[in-house]
Amino acid sequence: LSAQPQLVLDSDTATLLWSACVPLLLATCSALAAKRSAQPDPRVESMLEIVGNVLPHVPSATAAAASAALSTLFGSLPGRTARSLLCTVFGRLAEHEPQLRVLVAAEGSDASADATDGRRRWRLLTDELNAYASGRLGNEYDYETRLGAFAKAATIAGQPGVGRLALLPIVHSLVYFIYDADISIRNNAAYALQQLVRTLGTRLTGPAADSAESVDELNSVLVGVVWPAVKRGVQAGAASALARHEFVSVLATVVDHPPQPSPSSQASLECAWLAALRRPDQPEADFYFNLQHVQIHRRIRALQRLRSALPSDPAASSSSVPKGVLSGVLLPLVSSLLLEAKAREHNLVDQAAETLAALARQLPWRAYVKLLRSFLSAPAAGDGSGEQGSDEKLLGGKTRLQQEAARLKAACAVLDVCPTLPDSGGRLDDAHAQLLSLHVLPALSRQLRDPGKGVAPVRLPVALAIVKLLKRLPSQLLEQHLPPLVTVVCQAQASREQSVRNASRQTLCQLAVALGADYLHFIVTELRAVLTRGYQLHVLGHAVHALLDALAQARGPAAVPRGAIDSCLGELLEVIGSEFTGLLAEQKQQRDDAAAPIAATVHEARSSRGLDSIQLVGQLCSFPDGVGRVVKSLQAQLLSDPPPGHSSLLKLTDAFRRLALGLTPAAAASQSASADDAADEDAGSGETAAAEQPDDHPALDIVADGTLEQQQQAAAAADEQQLQQAAAAGGDDSAAAAAEGATAAEGTAGQAQDIERGVPAGDVLRFAFPLLDRFVRPAPDADADADTGSARKRRRTGPAHEQQQHRGATSLLIDAPVRQAVRQSGERHGHLVSEFALSLVLAFVSRDAFSTQQHSDLQMLDPFVPLLLEALSSRHGRLQALSAKLLGQLCRWPLPSMRRLLPARAATLLSSLHSAADQAASEHQSSLQQASYQALSQLLTALLRHCPWIVWPPGALHQLVKMVCAQVADPSSRRSIGLSFGLLKAVLHRQFIYPEVYDAIDALQERLITGTVHARRAEAAQLVVHFLVHYPMGQPRVQQSLDRLLSNLGFAEPSGRAAVLDLLTLVVARFPLPVLSQRAEYLFVPLVLRLVNEPDAPLRARVGTLLHRLLLRLSEDGAQFQALLELLQQWLQQSAPAASESQRMLQRAAAQVVGMAAQVSPGMFAAASGDRVSVGAQLLSSLSQLITHAAQAPADEADHDWQGCYFALLSLEKVAQSSAAIVGAKQQLDEAFWTSLAGLLAHRHVWVRTASSRMVGLLCAANSGLIGSEKPSRSGSDGGYLASAKHLFQLAQQLCAALQSPLLSAPLGEQIVKNLRFVTLVLFRHHAKYSPPTRGEVPVVSTQHPEEEAIDQTNGQDSDGDLEDTALEALYTGSSDEHRAVHWIMRRVSHMARRRSSIVLRMQVVRFMVSVATQLPAAFLETVLVPVLTPMFPALERPAAFDVDQQSAEFRDVVVEAADLIQKQVGSDGWFRVYQRLRSTAVDARTKRKEKRKRLAVLDPALASEIKRAKSKKKKLSAKQARTNDMRGR
């Protein structure tokens, strides 16, 4: 029938064929659209020909009735032939339907004769919208015609007489073209549709609204066509992501101009709710603008904005979200963000999952289950998002796993907000639970393992989703399905594959966190049942550690409170204890061949996690009950039979230490706030439990009887009496020291804080004291041979006996436990328990867990003093060290026992220190002896500093000072030098006057310079400066010390020079200003000379910092500061051409110091009268002359002395920053200086170029008003440098040359772009008539090798080789006589970014273009749009080519954002017109190159082959460089 156009003659036959073909045509097209087929169908083309042939013979009423249905074909029909036939049908349909005649393409046109059969048809706007290029095969568009048609379609709705039938084909066509892959077609169609919606909104609600019947027809277009199309567009899959971006813009427009309420649609209600997310006046807060933004944080902001707009109570009908908005708009948009996010956009994935959960909370139950199942059902291969199989590549390999992980993350987030019954503990009712268990739980179970991988590890996200679901189900379902899941995960731990064990261990940890600590007993029991022998025991220890670590690190609602693991503490201690003693511990210690196979195949056998696990147990178990059980377990291992070996004993020692670490505030501080609250509640219950603890852990009983207050008053009276005696004896220093000691204990008042992990400090003391008291105090009846009279006397008079005597007075202890007459043999290791108790108390005391203002704290700490003094005589080094440290902390507290017992033991401590020092200095010293000496040294240091009420024996104190000074002066005493420094610091703090102190300081200065340890040098410097400032001495001795320092500024080793600089820094900071002013030049000149001569760059920077600090302090003394400035001026005034090398170096140093002086005293360069100002003006003149000379010098001389110019520029920059008058409206620098400075922009050294650019930037910033309406002034001292168009153009030329440098860096490029933008805009605002000497022409210079001109330069980033210079010349439209300088700049900069320019240069060029384009009028911008868009064209045309590395991808994102800004500035019509011309030029150039390549292959095959090999080699090198850049993180 389609081949017989003349067959149909009568109306009845035509009507019969019409009624048969039109429904068949619509049904066929609907079926093809449902299949998303993009291929043309011959059946559709034949039926369109039949419809077109019979249409002239069909009655007008019959034909007009089908026009609305046929209009839908414009929205789905693919193919050039089919769409052309459809346009022909509508052209002939216009004869029957007058409303279609308003779509006549051109004014004045009429019905024309068809070229094929001579029948009449109207050429409508639909013909131009679907125009194809004539003379070309395929589906190549006629862009000029289509772009013009889009402009007409944007305004067609505003023409009179345009009704529904006329708008339907236009709207359907625009919706179809939004899905087009061509950027110009897609963007123009979206823009036209937005304009059409705006016009319809105006006609519906404007003051000149149409009639009611017309309003209903127009409203039906929005409700029945536009709104459903927009919802389908935002639901598009990944293959139509670009179209979805355009539909979001259309959605925002529809929300701004919503349809009228309609009984058949909820579109008006849905738009009203979506309008709350719209902020057209605030782009930063607009949801639709930020949702598709190129920057990740803007998309995250859109998601946060959406969550804040959702109602908190979904059940409230007044604030509920319409169902169509949830399922048709919001959920598809958020899901697309989650599924299409890249691997590095994990933050966006997390925010999208959280937003999906917030949306799922608004859904009814059935919709909720549907959403959950959609994320749990994996898409079929080749149908990633259900669109034409185009996502097959997305779902292949690694990317498919990433998308599945994102789906499961969304499913877990949705499960977290599963609707539950009130007061049900977060569980579902039976009906809903049964539904989830039947449909959702099996789907999750099927994905627990990947069936394609054989023995695969359990997939962590799926296991977590199952657990989250089971926690929502009733308890019987949880008990039914949870054990198999845990068993499967635990059985994977027995695998011999390391990757399987690692993955299953991670899964097990997440399951434990999700289930909570209540299920830890079940998990550990299952693990012990599965892992029973061989290598599995090693795996068991690591699995238990991983579980404890996961629970300890849990945050938020999943945080585990202290005491939650007590139910399984016995099982945990059994597993952990096996790594300390027994066969498993021996296997981990073995290094023979028998154990090598296990360690080689099982990584868990190479290390032990027992110590880490015991620390985690200390964090999580209850206190004191749980900790007491742990201590008993460790004690039982110490008492085991046979006794533990040496290695096991070391492990148990470390176990006590790690347990104390787990209980310290530092370990507890890592928990979250919610865990802290739970731990506090548990601690509150722990206090009650502490009162009922067993007898072997007696508690401290606090009795508030006022006795401590009386003792504190007596101690205060004794301190006051001591102060009076010291004042009467004339010892002001001693009185001051005593006063300081009397108030030292008050320094910690009010600093007590709660322990974050919920362990009360009082409970710690109650727990630790019995352990310390049991193992430190000797038994009443010791060995018979030791029970002599002297021994009994010591026990009666020693600290332990005094404790018994004062126990009733201080009310601190209950009755001590009854001890056996003979110690058990297992208690030979009792010092380990004592060390554990001491380390625990020390940790809490050092972290201010107690307060000096709390009497209860003082009462509990006071009984520890006698025990600590007893522990000092222990033979165990660590016990001595801990007791000494704790005593050093407690000596600052007003404890009665401290003031009562310490003075009597002062002489004993000093003699013990001498004995320990002699033993530590011997050749056969042991670690215990060294630990003893260290403990006593630290204790005496603390006592000397914080206990002035102790009266030291004069002779013994003098011997102590001698010993300390001898150790400081002895270069061989390296091991004990730190302790000696501490003691010497305490001696200096107390200001004991002995000759040995002065000699020690002299020796310390020498040691400071020759030392190698930085920390020791810093301590020595502090001591020397403290001595010089506070000790009495004559001026010659001070001068001698400074002479020694300054003479060593040139020390051979850099470390020695660094030490001298550190010491001089302290001298400058701490010396009184009068003393420092007297020696100002004496310090200043050597430092300046060191600044010149220092070869080490870091030390040179430190010399500069020291000079700056010296000038800063001397600025308070105006006369001395003025003298130094005059000295700098003398150095700068030396004649540069005749200066020697030494004078140049001095001049360079002076230039540096001037910048420091400008920062210190900004006012010295101000334009006012006075001596200081005159010196500042002279310095400014000298700097400018130095820069001018460097700019005018020959190239060789300028390169040789570039440092002087560079430092002069830096100083001048600092001067300009401190005084705005230097570069402001009244500039103090002449025209010659700025001209010379412009010449330095092209200097060979990049530092000089950078400093010159920054200086020009300061000039531009100070005159930023010239960009606006302010006119340039010629009244400045520079003669109006910025007022001259010639100078501005020359500056622009220099900036362009600097921008094209191969050494361009990102900071330098940004500064050049800022300067060039300022110059360009000033030329545009105020010098429109200026004509540059080059007459605006850009030289066309080919940079290619002759053999490479035939190569297609489209490899990766160089795809702009399609835009030839000669072809682009024909596109330039800026030929007017105005703004020729601006035209030259835009074309010159655009020319830089083509060919083989670097990404850094291209990035800066694009930023320059967008910064200038957004400030230019649209009319002028269109004349320079070709050079503006040319650098951006490759990234816009082929964005995938810029995925080679991170830098290129960033450049592409910048280009996309810049293009959007420029399009808004110039308008879519002009932007797409120029863009299409660039595309046509690129296509023609590409065609010519292909033809040339083919001819070359025939005419010269050898050359063609060589070019092909060169191109292949270049691609390999580019790919290698890209991989290298990615590895370096560029």
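The following refers to the structure shown. (Residues numbered from 1 in each chain as written. Predicted model: local features only at pLDDT ≥ 70, side-chain atom pairs only at ≥ 80, totals over all residues. Heavy atoms only, no water.)

With that settled, the discussion passes to the pattern of salt bridges. Scanning all chains against the criterion turns up 29 salt bridges. Between K231 and E270 there is a salt bridge; the shortest N-O distance is 3.6 Å. Of the two residues, K231 sits in helix α10 (residues 212–234) while E270 sits in helix α12 (residues 267–274), which places them 39 residues apart along the sequence. Both residues of the pair, K231 and E270, belong to the buried class. The shortest N-O distance in the salt bridge between R501 and E604 comes to 3.1 Å. Taken together, the residues R501 in helix α22 (residues 498–515) and E604 in the loop between α27 (596–601) and α28 (610–620) connect sequence positions 103 residues apart. The buried category is assigned to E604, whose relative accessible area is 2%. Through salt bridges with shared partners, one network takes in D182, E1437 and R1479. (Salt bridge = Lys/Arg side-chain N within 4 Å of Asp/Glu carboxyl O. Helix = DSSP H or I, 4+ residues; strand = E, 2+ residues; numbered from the N terminus. Buried < 20%, exposed > 50% of the residue type's maximum accessible area, 1.4 Å probe, protein only.)

Mapped onto the secondary structure, R1007 falls in helix α47 (residues 995–1010). In this structure the C-alpha to C-alpha distance between R1007 and A1020, which are 13 residues apart in sequence, comes to 8.4 Å.

Let us look at the packing of helix α48 (residues 1014–1030) against helix α50 (residues 1054–1070). Packed helices, taken two at a time, are described by the angle their axes make and the gap between the axes. In contact at an axis separation of 9 Å, α48 and α50 are set at 35° when each is read in the N-to-C sense. Here α48 runs over α50; the crossing is right-handed. Residue-level inspection shows H1014, R1017, A1021, Q1022, V1024, V1025 and V1029 of α48 in contact with α50, the latter providing S1055, A1059, D1062, L1063, L1066, V1067 and R1070. (Axes fitted to C-alpha atoms, helices over the stretch in contact; angles between N-to-C directions. Left-handed = near helix turned anticlockwise from the far one by under 90°. Contact = heavy atoms within 4.5 Å.)

As a packed pair, helix α30 (residues 646–663) and helix α38 (residues 830–846) sit with axes 9 Å apart at the nearest point and diverge in direction by 25°. Comparing their axes, α38 and α30 come out roughly parallel. Note that α30 runs across α38; the crossing there is right-handed. The segment α30 lies against α38, with L649, T653, F656, L659, A660 and L663 engaging L832, V833, F836, S839, L840 and F844. Counted by class, the contact of α30 with α38 contains ten nonpolar, two polar and no charged residues. (Parallel < 35°, antiparallel > 145°, perpendicular 65-115°, else oblique. Nonpolar A, V, L, I, M, F, W, Y, C, P; charged D, E, K, R; others polar.)

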